[in-house]
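Descriptive structure summary
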Amino acid sequence: MSYSKKIIFMVSSPFYLTDYDRFGIEKFLNKGYEVEICNICPIIYPEFFSKSNRTDIYSGKLEKIFFKKQKLIDYLNINKKNLFILKIHYNVYTHFIFKLITDLNISYLFSIINIVPSNIESTKTINYKKFLNFKNINQIFFNKVLGSMKKIFQKIKAPNYLIVGGLKSLQSPQASIIDKSTKLIWTHTYDFDKYLYSCKKKDDDRIDFIKKKFAVFIDAPSPLIKHDALIPGISSPLTSDIYFPRLCNFFDEIEKNLNMKVIIASHPKSNHLDTPEYYGGRRVYKNMTVDLIKKSKLVINRNSTAINFAILFSKPIMFHTSNQILSHAVMSKQINSMARLLKKTPINIDVLENINWNNQLKINKDLYKNYYNQYIKNPKSKYLYLWDIVISELENE
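**What about the sheet that holds strand β10 (residues 284-285)?**
A sheet is described by the order of its strands in space; here 6 strands give the open sequence β10-β9-β8-β11-β12-β13, paired in parallel fashion. With one partner strand each, in any of the chains shown, β10 and β13 (347-348) form the two edges of the open sheet. Contacts from helix α10 (residues 240-258) reach β8 (214-218), β9 (261-265), β11 (298-301), β12 (317-321) and β13 within the one sheet, and its direction differs from that of β12 by about 150°.

**Regarding helix α15 (residues 365-376)**
Within α15, the full set of buried residues consists of Leu367, Tyr368, Tyr371, Tyr372, Asn373, Gln374, Tyr375 and Ile376. In this fold, the buried residues of α15 make contact with α9 (190-200), α12 (307-312), β12 and α14 (329-341). Of the residues flanking the start of α15, the one acting as N-cap is asparagine 364, its side-chain oxygen 3.1 Å from the backbone nitrogen of aspartate 366.

**Describing the side chain of asparagine 378**
Checked against the element boundaries, asparagine 378 lands in the loop between α15 and α16 (386-395). A polar contact of 2.8 Å, which involves the side chain of asparagine 378, links it to the backbone nitrogen of lysine 380. If we ignore the near neighbours within four places in the chain, the residues touching asparagine 378 are Gly165, Gly166, Leu167, Trp186, Thr187 and Asn373.

**What about unusual backbone geometry?**
Backbone geometry follows two general trends: most residues other than glycine have a negative phi, and most peptide bonds adopt the trans configuration. Residue proline 223 is bonded to the preceding serine 222 through a cis peptide linkage, with omega at 10°. Inspection of the secondary structure assignment puts proline 223 in the loop between β8 and α10. You will see that asparagine 105, though not glycine, has its phi angle at about 55°, which is positive. Here asparagine 105 shows up in the loop between α6 (95-103) and β5 (108-112). Look at asparagine 105 and you get exposed, because its relative accessible area is 54%. If you check the backbone angles, serine 314 has positive phi at about 55° while not being a glycine. Inspection of the secondary structure assignment puts serine 314 in the loop between α12 and β12. The exposure class of serine 314 is partly exposed, given its relative accessible area of 46%.

Scoring rules and cut-offs
Residues numbered from 1 in each chain as written. Predicted model: local features only at pLDDT ≥ 70, side-chain atom pairs only at ≥ 80, totals over all residues. Heavy atoms only, no water. Pairing = 2+ DSSP bridges. Helix = DSSP H or I, 4+ residues; strand = E, 2+ residues; numbered from the N terminus. Contact = heavy atoms within 4.5 Å. Axes fitted to C-alpha atoms, helices over the stretch in contact; angles between N-to-C directions. Buried < 20%, exposed > 50% of the residue type's maximum accessible area, 1.4 Å probe, protein only. Polar contact = N/O pair within 3.5 Å; in protein donor to acceptor, adjacent residues only side chain to side chain.

Quick look at the structure:
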């Protein structure tokens, strides 16, 4: 099937400059495509749109932001002959979008790329007391059960294409939207694109100032900043007054027992000073996560998917949890499922006792390879940038 040379990215979150790069906008433009960004975040997740960090937000002319459903419906009617690339999840909040796409018979490309083990792997134990509370039951019914019923009974149109990453991608709950007519485009995670670029470019000069061996902590927005936590159904149990002092004690122990200093790889949505007090005056580096992990001796993680880089560069990974995290079914499951795949036990930063620190530096190459194949890149997919693969597939139709 041939399509017009107009591509429309539909997104359900604030669109940042990093998204412009991550979604390969320039690659499409350089291939002669007309590109638009259809942002439905104000309709789907209004609080997320209004309260999220506006630093490094995209403000270019390609983006159209929709606040009213009728305006969006009009836009879809006008553009129903073009190919849409949906960067949204199917759930009860976005169901009406998929219903409109079905009614208008719009061709679209869906993606399941950055999957996490907690959505795939079955946990060995479930704390039902924590899990079976009204808030969790209500969210599951509202989003998963009700959403699935709507999808079944209202016959949602399957995507024309599905971009998939690691082999486990098709086990994601989101994969239930496809059918036999959907063409699979096997690629990899966005992190693998950054890895490819890192292998080709010169290392960041700022790393030269780090003379001693170091461990890098992968920073996350919470508890300082609400980002994903502004999306319904996502929350964080962490509070700054409890989490950061415990975390700094944890870093102190790492530095003492492993003789390496700890530095911080800032999350893109965080806004830290260079040496914030809550990190014990440790140095924070922004926009250097890939280079820092590449040069580190140890990667310290909570539940970030940036451990993909530790896998790709064969770096030891240390997971941590806390009493606050253990009280939160979702975050605890995310950490445990990642750690279990690598046969690691998360360290509780509230109970720093009987820890074999040197054992944390060991790597199981077979487990790393399995994680790579299952969650980062299909071993048979091309060793190219993600959107180069996608554009090639679209143009060869």
